[in-house]
Number of protein chains: 2
Amino acid sequence: MQGWEERLRSQGYRVTEQRADVLAAVLNLGHGTPEEILARVQVDSPRVNLSTIYRTLEVLEEVGLVTHAHLGHGSPTYHSVDEDLHIHLVCRSCGAIDSAPAVIAEPFCAALERDHGFSTDLGHMAIHGVCHACREDAAASRG
Amino acid sequence: MQGWEERLRSQGYRVTEQRADVLAAVLNLGHGTPEEILARVQVDSPRVNLSTIYRTLEVLEEVGLVTHAHLGHGSPTYHSVDEDLHIHLVCRSCGAIDSAPAVIAEPFCAALERDHGFSTDLGHMAIHGVCHACREDAAASRG
DNA sequence: GTATATGCAAAGGGTTTGCACGGTT
DNA sequence: AACCGTGCAAACCCTTTGCATATAC
């Protein structure tokens, strides 16, 4: 994570302590909702406000330092763009979130590109369904 | 769409005019957010309340007559389970929503099942990316 | 007649916005 | 010095909930 300051400045944004804090929190958490990121930032900087988190995440996303994915009903989850590209498997039964390497979706993305001219944003992809554990539980309870 | 009344009754729910109205609105619209469904229902039944829409959609989903998908930041979109199974392609640039037949995702789903024991709910799937038109615009503006 | 469903209004969670102050350039 | 970024509070949207009345069974 070098050059994030230049990344901001080159697009006309200023470098501030809060932006550094939010970026550090995202990197540190791996994944996080705005609330979770706020909590993390407030460990060291208690005065930072939630609205700053929202505004900062928007800027960091704009300049390409973070992205977000919608994993379900609630708040979006933010993560750094540096991480290994992965897709999220959301279990509708227990709510667990598994990760799968993005390459698993590559033939599928190729088909979308070929048939629909659609360029898929893999990092944003959340797949809903039922996880392994919950399927076993269901199978067991059926006898 | 026969037997929806029995579907409700068999699970202990009552058959009401509002439930009929909401189901009809969903079928009629094809897709719709709670607000859109309300607007449709209110054409004929102006007194129906938004909270009834939410409660009714929950019941109709419970008994398997409708499902919903999360297409982005806003409200979920409901549709009948009768429709051809399809996935949604959401353009992050213009917001357009395209549909693709679910079969296009079948090898991908098979891979998730094989490698992760994960059973995908195709109807719930929303894929984010950039649509054909926006990609052409972007290419054109680059010269 | 009894339990469920509805309308209404109020509360709730998450996100955005207006404004004055403070910090970066 | 000029402008952008921040904290704070209020506003906003979407969704849920409490309660009295109306309706299906």
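What counts, and where the lines are drawn
- Residues numbered from 1 in each chain as written.
- Chains lettered and ligands numbered in written order.
- Predicted model: local features only at pLDDT ≥ 70, side-chain atom pairs only at ≥ 80, totals over all residues.
- Heavy atoms only, no water.
- Near = heavy atom within 4 Å.
- Polar contact = N/O pair within 3.5 Å; in protein donor to acceptor, adjacent residues only side chain to side chain.
- Helix = DSSP H or I, 4+ residues; strand = E, 2+ residues; numbered from the N terminus.
- Core = buried A, V, L, I, M, F, W, Y, C linked by side-chain atoms within 4.5 Å.
- Buried < 20%, exposed > 50% of the residue type's maximum accessible area, 1.4 Å probe, protein only.
- Contact = heavy atoms within 4.5 Å.
- Salt bridge = Lys/Arg side-chain N within 4 Å of Asp/Glu carboxyl O.

**Student:** Got a sec to walk through the protein's contact with DNA strand D? Specific residues and values, please.
**Tutor:** Surrounding DNA strand D, one finds 21 residues, the nearest of these being Q18, R19 and T52 of chain A together with R9 and Y54 of chain B. Between DNA strand D and the protein, one listed contact pairs a base oxygen with a side-chain N or O atom of R14 of chain A at 2.9 Å. R47 of chain A places a side-chain nitrogen or oxygen 3.4 Å from a phosphate oxygen of DNA strand D. Mapped by element, the contributors of at least two residues to the surface near DNA strand D are helix 2 (17-29) and helix 4 (50-62) of chain A together with helix 4 (50-62) of chain B. Examining the composition of the surface near DNA strand D, we find that 4 residues originate from one element, helix 4 of chain B, more than from any other.

**Student:** Provide a residue-level description of the nonpolar core, including the pertinent values.
**Tutor:** In terms of nonpolar packing, the biggest core is built from 36 residues, with F108 and M125 of chain A together with F108 and M125 of chain B touching the most fellow members. Each residue touching F108 of chain A, except ones within four places of it in the same chain, is listed here: M125 of chain A together with I87, I104, A105, F108, M125 and I127 of chain B.

**Student:** Go over the protein's contact with DNA strand C, please, and point to the residues and values.
**Tutor:** Near DNA strand C you find 20 residues, and of these R14 and Y54 of chain A together with T16, Q18 and T52 of chain B are the closest. Considering the 4 Å shell around the protein, atoms of DNA strand C inside it are sugar or phosphate in 68% of instances. Separating a phosphate oxygen of DNA strand C from a side-chain N or O atom of R9 of chain A is a distance of 2.9 Å. When contributions to the surface near DNA strand C are tallied by element, the ones reaching two or more residues are helix 4 of chain A together with helix 2 (17-29) and helix 4 of chain B.

**Student:** Can you tell me about the pattern of salt bridges, naming the residues and giving the values?
**Tutor:** Enumeration over the complete set of coordinates arrives at 6 salt bridges over all chains. Notably, a salt bridge pairs R92 of chain B with D121 of chain A, separated by 3.1 Å at the nearest N-O pair. Of this pair, R92 of chain B sits in the loop between strand 3 (86-91) and strand 4 (97-101) while D121 of chain A sits in the loop between strand 5 (119-120) and strand 6 (126-130), each in a different chain. Since its relative accessible area comes to 58%, R92 of chain B is described here as exposed. The partner of E113 of chain B in a salt bridge is R135 of chain A, and the shortest N-O contact between them spans 2.6 Å. With E113 of chain B in helix 5 (residues 106-116) and R135 of chain A in helix 6 (residues 132-142), the pair connects residues from two separate chains.

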